[in-house]
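# Coordinates in review
Residue strings, one per chain:
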Amino acid sequence: MLEVRDLVTAYGTIEALKGVTLSAKQGEITCILGPNGAGKTTLMYSIACILKPVSGSVKVNDTEITGTSAPHALRCGIALVPENRLVFHSMSVEENLMAGAYTRLSSDRAGVQADIDNAYARFPSLKDRRAQIAGTLSGGEQQMLAVARAMMSRPKILMMDEPSLGLAPLIVAEIFSIIRQLNDEGVSIVLVEQNAHKALQIANRFYLLDQGRVTFSGTPGEIGEDDFIQRAYLGSKVA
Amino acid sequence: MSEYAISVASNMGMIAFVALSAYVILVVGEISFGQQAYFGIGAYMSGAATAMWGWPFGLALAVGSLSAAAAAFAIGALTIRLRGLYFAISTLCFAEMLRLWLNSVHVRVEVDGEMVGPDGAEGFGDIRWIFENDVTPLEFMFIIYGLLGAVLAFLLLVERSRLGAALRMVGQDPLLARSQGIDASACKLLAVMFAGLIAGLGGGLYAHFATYIEPNVFNVMLGVHGLAYGLIGGLGTALGPIIGVVLDIGFLEGIRAIQGYRMIVFGGLVAILLIVMPRGILDETRVYRIKRWMRRT
Ligand SMILES: Nc1ncnc2c1ncn2[C@@H]1O[C@H](COP(=O)(O)OP(=O)(O)OP(=O)(O)O)[C@@H](O)[C@H]1O
Ligand SMILES: [Mg+2]
């Protein structure tokens, strides 16, 4: 479904990604773990065609999207919930949802309205706050809104960059159950996480990114076998 | 209306073009200290069109604003990658370069036995269209407000459209806007170009209102005022900058008691407002609340 090969992305002369190869399979939850500064966010932006890679390729269903535009990546079914910048602060909840359907806002009004209703059905708390200014939502609500907005583009692959950042455990659990639910409905998920314990519980496959390189990949079952990962990223033995 | 009132109102109308021009750029999240340059380009080009080449007034205004838009597009394409302070400085640099360059532009032609055209720092006089066509100050004021109304109506329409939403998203968070599939660079370039067009139109009007222009008219204070009007009046709607203009020129100018201290009062007003209402009186949130309230009643 999503194939990333030898991706190199640089900020000026500094290479944040030094040749990343990974793949995300249809219908799976693929998790990307790694310490701060590993290049996870850079990878997300590169896949979504928001950053232009120096070399390498990104393919969605065998279609090359490297070096095209963000609108094009979106049309190919990739939606990104960026890290730390979740909502348009001075727009209302509903306007934020409409922003997610921007590319078909004028051509498919009925479809957009139906998707907004779906979003409210999935996130009832957003419905009550539809007219509220998004900047005044709580952190958890903003994260929900960001997910709901990303779904408005009807993505095949939903990429989420650290959705649990700065949220209370209860909210994190809610977010993860939503991720799983979306995945059950057929959306492939690419999840960037620091919270390795939680991530490994729902991931089908994971990649470890460190200093711009994939240093390990496998399935959650394999992780206990690798002592290095345990010590570096999990701290203690995984149950 | 007294002659004085007509002249104040006309000035208000013309500087409103600069204010709207600066506002359009503020909407996409950048600050320009250089919109006076496009006002100047509009003034010189359309002044030349009527006074030197004998073109009709309407065509002259069109040439002035299109030249300004073309210049804004060129400069915008060069500076599109700059953000924040760097973008702001680049706009100021261009405007100052243009002003200094105008000081050395001497293009004079003979019209009816007299030499007419830009004469460097001596300025560009004899833009006599209103005299030759017996346009009264009152009539010219109506022309100003007619065009201002048209520009304002157009902006308000755009703001309600999908394009308007995209421009605001780019202004709030270009990266997040791009991940919604919006071409942020194209949006910015479009805004910069349209801002140039608006300022150029205002400049064309100014040249024919004043009949004499010189490079120093288009100095940075003109741009800073235009910018301040948007910041006072609010960035949530194109009506914001108009409120700013009315507050400063209409209101402060009207209070005779503070004559001579107007700039001080104005500066203080800007400072206080920016602390209390960082995005002006009619900011996005208030505009949104007003719209909801209007829809309900
Ligand atoms: N805009 C930028 N300009 C220059 N360098 C950058 C920029 N953004 C990121 N970097 C650098 O690229 C490297 C990778 O950053 P990135 O944000 O992708 O890491 P990350 O894995 O997402 O980290 P975190 O877990 O803290 O979010 C870092 O060394 C960072 O300093
Ligand atoms: Mg990151």
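Residues numbered from 1 in each chain as written. Chains lettered and ligands numbered in written order. Predicted model: local features only at pLDDT ≥ 70, side-chain atom pairs only at ≥ 80, totals over all residues.

So, about the overall build of chain A. Counting its regular elements, chain A contains nine helices and 10 strands. Relative to its length of 239 residues, chain A is compact, with a C-alpha radius of gyration of 18 Å against a globular reference of 18 Å. Summarising its shape, the C-alpha atoms of chain A cover approximately 50 × 40 × 30 Å along the three principal directions. A buried classification covers 44% of the 239 residues belonging to chain A. (Helix = DSSP H or I, 4+ residues; strand = E, 2+ residues; numbered from the N terminus. Rg over C-alpha atoms; globule rule 2.2 N^0.38 Å. Buried ≥ 20, exposed ≤ 12 C-beta atoms within 10 Å, placed from the backbone.)

A separate point is helix 1 (residues 40-47) of chain A. Residues and elements named next belong to chain A. With respect to burial, helix 1 is a largely interior element, seven of its eight residues being buried. Among the residues making up helix 1, those that are buried are Lys40, Thr42, Leu43, Met44, Tyr45, Ser46 and Ile47. Immediately beyond the C-terminal end of helix 1, within one or two residues, lies cysteine 49, with a positive phi of roughly 65 degrees.

All right, on to the sheet that holds strand 4 (residues 55-60) of chain A then. Residues and elements named next belong to chain A. What the four strands build is an open sheet, ordered 2-1-4-5; its pairing is antiparallel. Only two strands of the sheet have a single neighbouring strand rather than two, namely strand 2 (14-24) and strand 5 (63-64). Here strand 1 (residues 2-11) runs beside strand 4; their pairing, made up of five bridges, is antiparallel. From the neighbouring strand, arginine 5 faces strand 4, where its bridge partner is serine 57. In this fold helix 1 packs onto strand 1, strand 2 and strand 4, with an angle of close to 65 degrees to the strand it touches most, strand 2. (Pairing = 2+ DSSP bridges. Contact = placed C-beta atoms within 7 Å. Axes fitted to C-alpha atoms, helices over the stretch in contact; angles between N-to-C directions.)

So, on to the site of ligand 1. Residues and elements named next belong to chain A. Residues in contact with ligand 1, as listed here, are Tyr11, Ile14, Ala16, Gly34, Asn36, Gly37, Ala38, Gly39, Lys40, Thr41, Thr42 and Glu83. When residues of the shell around ligand 1 are traced back to their parent elements, those giving at least two are strand 2 and helix 1. A per-element tally of the shell around ligand 1 places helix 1 first, with three residues. Looking at the shell around ligand 1 residue by residue, the class counts come to four nonpolar, six polar and two charged. (Near = placed C-beta within 6 Å. Nonpolar A, V, L, I, M, F, W, Y, C, P; charged D, E, K, R; others polar.)

The subject of this paragraph is helix 9 (residues 184-210) of chain B. Residue and element names in this part refer to chain B. Taking 1.5 Å of rise per residue, the 27 residues of helix 9 would be expected to cover 39 Å, and the 39 Å separating its terminal C-alpha atoms lies within 8% of that figure. Among the 27 residues that make up helix 9, 22 are buried, leaving the element largely enclosed by the rest of the structure. Trailing helix 9 by a residue or two, threonine 211 shows a phi angle of about 60 degrees, which is positive. (Expected span 1.5 Å × (residues − 1).)

The phi torsion of most residues other than glycine is negative, and most of the peptide bonds are trans. Residues and elements named next belong to chain B. Even without a glycine there, the phi angle at aspartate 112 is positive, about 50 degrees. Unusually for a residue other than glycine, threonine 211 sits at a positive phi of about 60 degrees. Mapped onto the secondary structure, threonine 211 falls in the loop between helix 9 and helix 10 (220-233). According to the C-beta neighbour criterion, threonine 211 is partly exposed, with 16 such atoms within 10 Å.

As a further point, take the pairing of strand 8 (residues 188-193) of chain A. All names here are of chain A. Burial analysis of strand 8 places six of its six residues in the buried class, the great majority of the element. Residues Ser188, Val190 and Val192 line one face of strand 8 and the alternating positions Ile189, Leu191 and Glu193 line the opposite face, and both faces are buried. Bridge count for strand 3 (residues 29-33) against strand 8 is five bridges, and the pairing is parallel. Of the residues in strand 8, the one forming a bridge with isoleucine 32 is valine 192. Alignment of strand 7 (residues 157-161) against strand 8, held across five bridges, turns out to be parallel. The partner of isoleucine 157 across the bridge, within strand 8, is serine 188. The handedness of the strand 7 to strand 8 crossover, carried by helix 7 (residues 169-184), is right-handed. (Right-handed = clockwise from strand over helix to strand, strands pointing away.)

Taken together, the contacts link 21 residues of chain A with 18 residues of chain B. Elements represented by at least two residues in the side of chain A that touches chain B include exactly helix 2 (70-75) and helix 3 (93-100) of chain A. Among the elements that line the side of chain A that touches chain B, the one with the most residues is helix 2 of chain A, at three residues. Grouping the amino acids of the side of chain A that touches chain B by side-chain chemistry returns 13 nonpolar, seven polar and one charged.

Let us look at the confidence of the model for chain A. The predicted model of chain A has a mean per-residue pLDDT of 88, with 93% of residues at 70 or higher. Between the elements of chain A, mean pLDDT differs from a low of 58, seen in helix 9 (residues 227-234) of chain A, to a high of 95, seen in strand 7 of chain A. (pLDDT = per-residue confidence, 0-100.)

Moving on to the sheet that holds strand 3 of chain A. Residues and elements named next belong to chain A. Sheet architecture is open: six strands sit in the order 6-7-8-3-9-10, paired in mixed fashion. The sheet is open, and its two edges are formed by strand 6 (78-81) and strand 10 (213-218), each paired on a single side. Direction aside, neighbouring strands of the sheet carry axes that sit 20 degrees apart on average. As judged from the four bridges shared by strand 3 and strand 9 (residues 205-210), these two strands associate in the parallel manner. In the sheet register, cysteine 31 faces strand 9, and the bridge partner there is phenylalanine 206. Sitting on the sheet, helix 7 is in contact with strand 3, strand 7 and strand 8, with an inclination near 155 degrees to strand 8.

Moving on to the pairing of strand 3 of chain A. Counted residue by residue, strand 3 of chain A has five buried out of five residues, so it is predominantly covered. Of the two faces of strand 3 of chain A, the one carrying Ile29, Cys31 and Leu33 of chain A and the one carrying Thr30 and Ile32 of chain A are both buried.

Residues and elements named next belong to chain B. As a packed pair, helix 10 and helix 11 (residues 239-252) sit with axes 7 Å apart at the nearest point and diverge in direction by 105 degrees. Taken together, the axis directions place helix 10 and helix 11 in an arrangement best described as roughly perpendicular. Contact residues: helix 10 offers Ala228, Tyr229, Gly230, Ile232 and Gly233, while helix 11 offers Gly240, Pro241, Ile242, Ile243, Gly244, Val245, Leu247 and Asp248. Here the residues of the contact of helix 10 with helix 11 are counted per class, giving eight nonpolar, four polar and one charged. (Parallel < 35°, antiparallel > 145°, perpendicular 65-115°, else oblique.)

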